[in-house]
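Each chain is listed here by its residues.
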Amino acid sequence: MNRIDQKFKELRKKRQKAFIAFVTAGDPALRITEELVLSFERNGVDIVELGVPFSDPLADGATIQASSQRALQNAVNIPRILNTVKRIRQQSQIPIALMTYYNPVYHYGEQKFVQDAKRSGVDGIIIPDLPPEEAEGIIRHSKRNDMATIFFLAPTSTRQRVRRIVKQSTGFIYYVALTGVTGARKGFDRSNAAKIRSFREFTTKPICVGFGVSTPVQVKAAAKVADGVIVGSAIVDRINRNAGKRDCVTNVSGFVRTLARALKVRE
Amino acid sequence: MEVQFHMTLPDKNGHFGEFGGKFVPETLMAMLEDLEKVFTSLRSDAKFKREFRYYLTEYAGRPTSLYLAERLSAHLKTLKVYLKREDLLHTGAHKINNTLGQVLVARKMGKTRIIAETGAGQHGVATATAAALMGLECVVYMGAEDIQRQALNVDRMRLLGAQVVPVTSGSQTLKDAMNEAIRDWVTNVRHTFYIIGSVAGPHPYPVMVRDFQAVIGREARRQFRTKERRLPDYLLACVGGGSNAMGLFHAFIGDKNVKMIGVEAAGRGLQTHQHAAPLAKGDIGVLHGSKSRVLETKDGQIEVAHSIAAGLDYPGVGPEHAYYKKTGRVEYVSVTDKAAMAGLKLLSESEGIIPALETAHAIAYLQKLARRVRRTSTVIVCLSGRGDKDMGMIKKFL
């Protein structure tokens, strides 16, 4: 069984929600990325979303754009990132999904990408500019390799699209909590609760919420209505502010722990 | 009939063979489906067509003339050159054909806010113009470097009531302006219409822009037949994203004996990596919503393009061009910065027409074509824009 499916099965049994942390691979360095992931596991993170940087990340706000640029300046690429995943796998079984854009994957070769990622210990693929309509190849190769294909739902998705996307999505469904790009925002839109409830009509798969979620209060609000919460920019920002410091991993992990706790504490 | 066959492209998913499609975040997908429906119904809507024709004629100044460039032809010896004078249109380039069409679609969809990306500023000016005409709010994204290069157009856009937003991410040129426009679009999709300036972007943009620009070729074909009682041997146009070229080519695609040539920007030379020729040197890839040819690194990262012409300074190209390159229907060649500048001088001195730097690439290729042809041949060049905007760059180069 895929580690992501396994994780949600465990969490459901415990009636818990998943805390999903995003980091850009290679920002500030792959060695730090590796340490961060291992430390995250000890600090309440259930699933790691590992960002494979792209030169033109059009679904991302300023924080992750800048982070991607820094990673690219460090000459990070798919083979080096997969090698980092392999190293993580020697010590940890935390579920890992790669989040990237379609061009690097297409250029690498869809089949080779899925196979190499699987072999390195990756459990899922998230590509924000690849809707299911264009993902026939990725879906086919992923099915063969027990790789989760995580697709997005948005506040603007029509019922017809929701029906199709929940069917194609495996591992979990990524719900974008706002119309916009990634990045910290104030508050958490209340209308998301009704939206997510409306998706349940079509699926029993886990639905996780991301985009604009950056504080413990927002995490808590999102966890009430979803099966998991994804935090990206806020963590990336912490990493950047601590880059080069001796206690970078400790500091960032402390922040991640407060987010994870906000989600696990039951009222 | 051959024309009918080509009219069936793209297929219902927006694919031209393996190219095209919709590679955008889910947030935009429902809107694109909606746009596709609206556009499909408007394409055959008599009232819409009348309205569009009205603005093209009364406001933009269509039809443009098909001018026989006699002194240029005499200079080239083996070519009889006709210039399709899109430079005579309101705002000074073919871009207005498309922005008038799209702004009418936006109005039909009830959108109140217009956004656009621009490189040379021609599309930005044409968009700001169309938005002012319809009384719609307008925001134009422009790379900070291009704002420097094309200051005059920035002032024009502001005067037209548009907000010009400098883009400081990445290479600070057209590619990054388009990233930023897409981010705005994802955020404000409910009330905002994105007027894309070329036959690029996700489906249905490549086909929609092509259809709005196809008036260039339809007119030229009719005008040429009246003058010469036959069809031209060659069509020639510059290709950045490729909208003026596609606009000229489209009506002739089924005319097997009409040879078509698209001219990309070779910048400082194809061997230097400082060019904007994804058809000559790129790979198949995905950028800004569609699969086409792109300039990229060995890791699939998009490379920064270079051209003296800001409007060609883009690492991608419209998917239909990638398709015609693959099928061989259109031949794609390239011309360096230096040769383009020589082309600009040639047309200025021989005909009293200062072309845009983009257009100068097509002019420059005429000299090579003149040496290639075995007998005297006729050619229509799309004179896509006028060169006033480029005087700053030209002065620096000469």
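Residues numbered from 1 in each chain as written. Chains lettered and ligands numbered in written order. Predicted model: local features only at pLDDT ≥ 70, side-chain atom pairs only at ≥ 80, totals over all residues. Heavy atoms only, no water.

Draft legend 1. Molecular detail of the overall build of chain B. Scanning chain B for helices and strands turns up 17 helices and 14 strands. By the compact-globule yardstick of 21 Å for 398 residues, chain B fits well, its C-alpha radius of gyration being 19 Å. Counting only C-alpha atoms, chain B reaches 55 × 45 × 40 Å along its principal axes. Within chain B, contacts between residues at least 6 apart in sequence are counted, and of these 73% link residues at least 24 apart. As displayed, chain B has an accessible area near 14,200 Å², and 51% of this comes from carbon and sulfur atoms. Mean positive and mean negative side-chain charge positions of chain B (54 and 40 charges, respectively) differ by 5 Å. (Helix = DSSP H or I, 4+ residues; strand = E, 2+ residues; numbered from the N terminus. Rg over C-alpha atoms; globule rule 2.2 N^0.38 Å. Contact = heavy atoms within 4.5 Å. Areas by Shrake-Rupley, 256 points an atom, 1.4 Å probe, with all protein chains shown as cover. Lys, Arg positive; Asp, Glu negative; His and termini not counted. Charge placed at Lys NZ, Arg CZ, Asp CG, Glu CD.)

Draft legend 2. Highlighting the nonpolar core. By size, the foremost hydrophobic cluster in this structure holds 88 residues, and its most contacted members are Phe172(A), Ile114(B), Trp185(B), Phe193(B), Tyr194(B) and Tyr205(B). For Phe193(B), the residues in contact, after removing those within four places along its chain, are Leu35(B), Gln102(B), Val105(B), Ala106(B), Met109(B), Lys111(B), Arg113(B), Ile114(B), Ile115(B), Tyr205(B) and Met208(B). By size, the runner-up hydrophobic cluster in this structure holds 70 residues, among which are Ile88(A), Ala135(A), Phe199(A) and Phe23(B). (Core = buried A, V, L, I, M, F, W, Y, C linked by side-chain atoms within 4.5 Å. Buried < 20%, exposed > 50% of the residue type's maximum accessible area, 1.4 Å probe, protein only.)

Draft legend 3. Up close: the pattern of salt bridges. On inspection of all chains with the given rule, the structure shows 43 salt bridges over all chains. The shortest N-O distance in the salt bridge between Arg31(A) and Glu35(A) comes to 3.6 Å. Pair noted here: Arg31(A) and Glu35(A) are both in helix α2 (residues 30-42), with a separation of 4 residues, about one helical turn. Of the charged contacts, one joins Arg113(B) and Asp184(B) as a salt bridge, the two residues approaching to 2.7 Å between their closest N and O atoms. Here the residue Arg113(B) occupies a position in strand β5 (residues 113-118), and Asp184(B) occupies one in helix α9 (residues 174-188), the gap between them amounting to 71 residues. The buried category is assigned to Asp184(B), whose relative accessible area is 7%. Ionic contacts of the salt-bridge type, sharing partners, join the residues Glu133(A), Arg161(A), Glu26(B) and Glu33(B) into one network. (Salt bridge = Lys/Arg side-chain N within 4 Å of Asp/Glu carboxyl O.)

Draft legend 4. Broad picture of the pairing of strand β2 (residues 47-51) of chain A. All names here are of chain A. Most of β2 is tucked away: 5 of the 5 residues are buried. Of the two faces of β2, the one holding Ile 47, Glu 49 and Gly 51 and the one holding Val 48 and Leu 50 are both buried throughout. Sheet topology note: the strand β1 (residues 18-24)/β2 ladder contains 5 bridges and is parallel. For Ala 21, the partnering residue across the bridge sits in β2 and is Val 48. Handedness of the β-α-β unit built from β1, α2 and β2 comes out right-handed. The pairing of β2 with strand β3 (residues 96-99) spans 4 bridges and is classified as parallel. The residue bridging Gly 51 from the neighbouring strand is Met 99, located in β3. (Pairing = 2+ DSSP bridges. Right-handed = clockwise from strand over helix to strand, strands pointing away.)

Draft legend 5. The arrangement of the packing of α2(A) against helix α12 (residues 248-264) of chain A in detail. Residue and element names in this part refer to chain A. Contact pair α2 / α12: the axes reach a minimum separation of 10 Å and the direction vectors enclose 40 degrees. Relative to α12, the element α2 lies oblique. For the crossing formed where α2 meets α12, the hand is right-handed. Listed contacts from α12 to Ile 32, Glu 35, Leu 36, Ser 39 and Phe 40 of α2 are Cys 248, Val 249, Val 252, Ser 253 and Val 256. (Axes fitted to C-alpha atoms, helices over the stretch in contact; angles between N-to-C directions. Parallel < 35°, antiparallel > 145°, perpendicular 65-115°, else oblique. Left-handed = near helix turned anticlockwise from the far one by under 90°.)

Draft legend 6. Examining the confidence of the model for chain B more closely. Counting all residues, the mean pLDDT for chain B is 95, and 98% of those residues have values of 70 or more. Quick note on the complex model: pTM equals 0.96, ipTM equals 0.96. (pLDDT = per-residue confidence, 0-100.)

Draft legend 7. The arrangement of the sheet that holds strand β7 (residues 163-167) of chain B in detail. Residues and elements named next belong to chain B. Overall, parallel pairing links the 4 strands, which are arranged β7-β6-β5-β8 in an open sheet. Since the sheet does not close on itself, it has two edges, and those belong to β7 and β8 (192-194), each with one partner. Averaged over all pairs of adjacent strands, the angle between their axes in this sheet comes to 25 degrees, without regard to strand direction. In this sheet, strand β6 (residues 137-143) lies alongside β5 in parallel orientation, the contact comprising 6 bridges. By the bridge assignment, Ile 115 is partnered in β6 with Val 139.

Draft legend 8. Fine view of the interface of chain B and chain A. Facing the 38 residues of chain B at the interface are 34 residues of chain A. Summing both partners gives a buried area of about 2,900 Å² for chain B against chain A, and 50% of it is carried by carbon and sulfur. Summed over the shared surface of chain B and chain A, the result is 3 salt bridges. Across the pair Asp56(A) and Lys175(B) runs a salt bridge, and its minimum N-O distance is 2.8 Å. Scanning the region where chain B abuts chain A turns up 22 residue pairs in polar contact (both at pLDDT 80 or more). The residue makeup of the side of chain B that touches chain A, split by class, is 12 nonpolar, 12 polar and 14 charged. (Buried area = accessible area lost by both parts, 1.4 Å probe. Polar contact = N/O pair within 3.5 Å; in protein donor to acceptor, adjacent residues only side chain to side chain. Nonpolar A, V, L, I, M, F, W, Y, C, P; charged D, E, K, R; others polar.)

Draft legend 9. Just the packing of aromatic side chains, in detail. One pass over the structure, following the stated rule, counts 20 aromatic pairs over all chains. The interplanar angle of 50 degrees and the centroid separation of 6.4 Å between the aromatic rings of Tyr194(B) and Tyr205(B) together place this pair among those described as tilted. Here Tyr194(B) is found in strand β8, whereas its partner Tyr205(B) is found in helix α10 (residues 205-213), with 11 residues between them in sequence. Across this residue pair, the class does not change: Tyr194(B) and Tyr205(B) are buried. Note that Arg238(A) overlies the ring of Phe255(A), its terminal NZ or CZ placed 4.1 Å from the centroid. Positioned above the aromatic ring of Tyr234(B) is the side chain of Lys259(B), whose terminal nitrogen or guanidinium carbon lies 5.1 Å from the ring centre. (Phe/Tyr/Trp six-rings, centres within 6.5 Å; stacked < 30°, edge-to-face > 60°. Lys NZ or Arg CZ within 6 Å of the ring centre and 35° of its normal.)

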